[in-house]
Amino acid sequence: MKIYRIRSYDEFAAHALRNKNSIDAHTIYLDQVTPPGSSEFTVSGYSYPAGKQVEFLVDFQHSGDGNRVNWRERVCCPKTYFNNRMRATFHLFDIEMEPYPDSKLYITEQITPIYTYFAEKFPNTIGSEFLGEQLPFGTANIDGIRNETLCDLSFPDQSFDMVISLDVLEHIPEYSKAFKECARVLKNGGRLMWSAPFVPSSQENLLRAIIRDNEIIHIESPEYHGDPLSGDGVLCFQHFGWEMLDQVRSAGFSDAYALCYCSTEFGYLGGDQFMFIAIK
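Reference entry: report on the structure contained in this document. The shown structure was predicted, so the numbers you read here are calculated from the model rather than taken from an experiment. (Residues numbered from 1 in each chain as written. Predicted model: local features only at pLDDT ≥ 70, side-chain atom pairs only at ≥ 80, totals over all residues. Heavy atoms only, no water.)

## Examining the sheet that holds strand β1 (residues 2–6)
- Strand order in this open sheet of 7 strands is β1-β14-β15-β7-β6-β4-β5, and the pairing throughout is mixed. In this open sheet, the two strands that pair with only one neighbour each are β1 and β5 (125–127). On average, each strand axis in the sheet is tilted by 20° relative to the strand beside it, whichever way the strands run.
- Judged from the 3 bridges that link them, strand β4 (residues 105–107) and β5 form a sheet pairing that is parallel. Residue pairing for β5: Tyr106 is matched across the bridge by Ile126.
- Relative to the sheet, helix α2 (residues 20–33) contacts β14 (255–263) and β15 (268–279), its axis offset from that of β15 by approximately 130°.
- Strand contacts of helix α4 (residues 113–121): β4, β5 and β6 (160–166), with the helix running at about 160° to β5, the strand carrying the most contacts. (Pairing = 2+ DSSP bridges. Helix = DSSP H or I, 4+ residues; strand = E, 2+ residues; numbered from the N terminus. Axes fitted to C-alpha atoms, helices over the stretch in contact; angles between N-to-C directions. Contact = heavy atoms within 4.5 Å.)

## Points about the layout of surface pockets
- Within this model, the largest pocket holds a volume of roughly 1200 Å³.
- Secondary-structure elements contributing two or more residues to the lining of the largest pocket are α3 (84–96), α4, β11 (224–227) and β12 (230–235).
- The element best represented in the lining of the largest pocket is β11, accounting for 4 residues.
- Here the lining of the largest pocket is built from residues that sort into 21 nonpolar, 9 polar and 11 charged.
- Of the pockets and cavities examined, the second largest pocket occupies roughly 630 Å³.
- Taken together, 28 residues line the second largest pocket, and the ones lying closest to its centre are Arg72, Gly270, Gly271, Asp272 and Gln273.
- Only α1 (9–18), α2 and β15 provide two or more residues apiece to the lining of the second largest pocket.
- Looking at side-chain class alone, the lining of the second largest pocket contains 12 nonpolar, 9 polar and 7 charged residues. (1 Å grid on protein atoms, 1.4 Å probe; cavity = no way out; pocket = protein on both sides within 12 Å on 5 of 7 lines; lining within 4 Å. Points joined across faces, edges and corners; volume = space filled by probe spheres on them. Nonpolar A, V, L, I, M, F, W, Y, C, P; charged D, E, K, R; others polar.)

## Examining the environment of Asn70
- Structurally, the position occupied by Asn70 is in the loop between β3 (52–59) and α3.
- Between the C-alpha atoms of Asn70 and Gly270, which are 200 residues apart in sequence, the distance is 8.0 Å.
- With residues up to four places along the chain from it excluded, the contact list for Asn70 reads Gln61, His62 and Ser63.

## Quick look at the pattern of salt bridges
- One pass over the full model with this rule turns up 16 salt bridges.
- Residues Arg74 and Asp59 are paired through a salt bridge, measuring 2.6 Å at the closest nitrogen-oxygen approach. Of the two residues, Arg74 sits in the loop between β3 and α3 while Asp59 sits in strand β3, which places them 15 residues apart along the sequence. With respect to class, Arg74 is no different from Asp59; both count as buried. (Salt bridge = Lys/Arg side-chain N within 4 Å of Asp/Glu carboxyl O. Buried < 20%, exposed > 50% of the residue type's maximum accessible area, 1.4 Å probe, protein only.)

## A closer look at unusual backbone geometry
- In this structure, Gln158 is a non-glycine residue whose phi angle is positive, near 50°.
- You can see Gln158 is positioned in the loop between β5 and β6.
- Positive phi is not limited to glycine here, since Asp167 has a value of about 55°.
- One can find Asp167 in the loop between β6 and α5 (175–185).

## With respect to empty space enclosed by the protein
- According to the stated counting rule, one finds 1 cavity of 30 Å³ or more in the structure shown.
- Estimated volume of the largest cavity: approximately 60 Å³.
- Around the largest cavity, the lining residues are Arg72, Arg85, Thr89, Leu166, Asp167, Ser195, Tyr261, Phe274 and Met275.
- Elements that contribute at least two residues to the lining of the largest cavity include exactly α3 and β15.
- In the lining of the largest cavity, the residues fall into 4 nonpolar, 2 polar and 3 charged.

Next up, the structure:
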């Protein structure tokens, strides 16, 4: 698997130009493995969490119009049931975060298979969900689910070696505060790993909605993402562009960059995909 570490829009533009032939070849490969008229099919590849060669299941769920594959959310391992982005998360974490078995992790989810994976592998893992202001932050409900807000974490300074936040920051209007909080609770040299809707062709973030005078103002048509706590969905406030990395550096990190990756061998399909890393 090739991984490119990219720190700016200009670097990405140069990468896209130099890597055009590989991306074109990957697009041809996707067309070749997608049978016409089929509702589901399989693709061979190596599942990193399962540690073996498998036949990944691919279908048209989460595709919006049902006419194309949502590669990021499908390509599911039949052994672990982890999809493309989940498997890549675990793989990239082991490569980029340099964890020890006793590393202290905080992950901004607790009722998901991703949290379970990290908690089983790293005993010093704390997870949480946003349960609202009716339950004090830093406490748990009767089911043992910890309540936290990423804009005002209850943890002391320098509590963790690593923070992981996956597809959460787009739902936080004051995301700059969230980045500052991540820097605060990380030890010096600690690392933040996160994912969020990202537009690699844009330098600027795309604001979809804002809050003004306690009222939500929609700039773009409302976009809602799945919520593990309910079926209502969660409003997306922004898609990020490359300026996000400058904002992360301003929040207290010495370095921030995108991991740009793609792999037919590991089933990370769908063209260039992105994960983000920041080092305090």
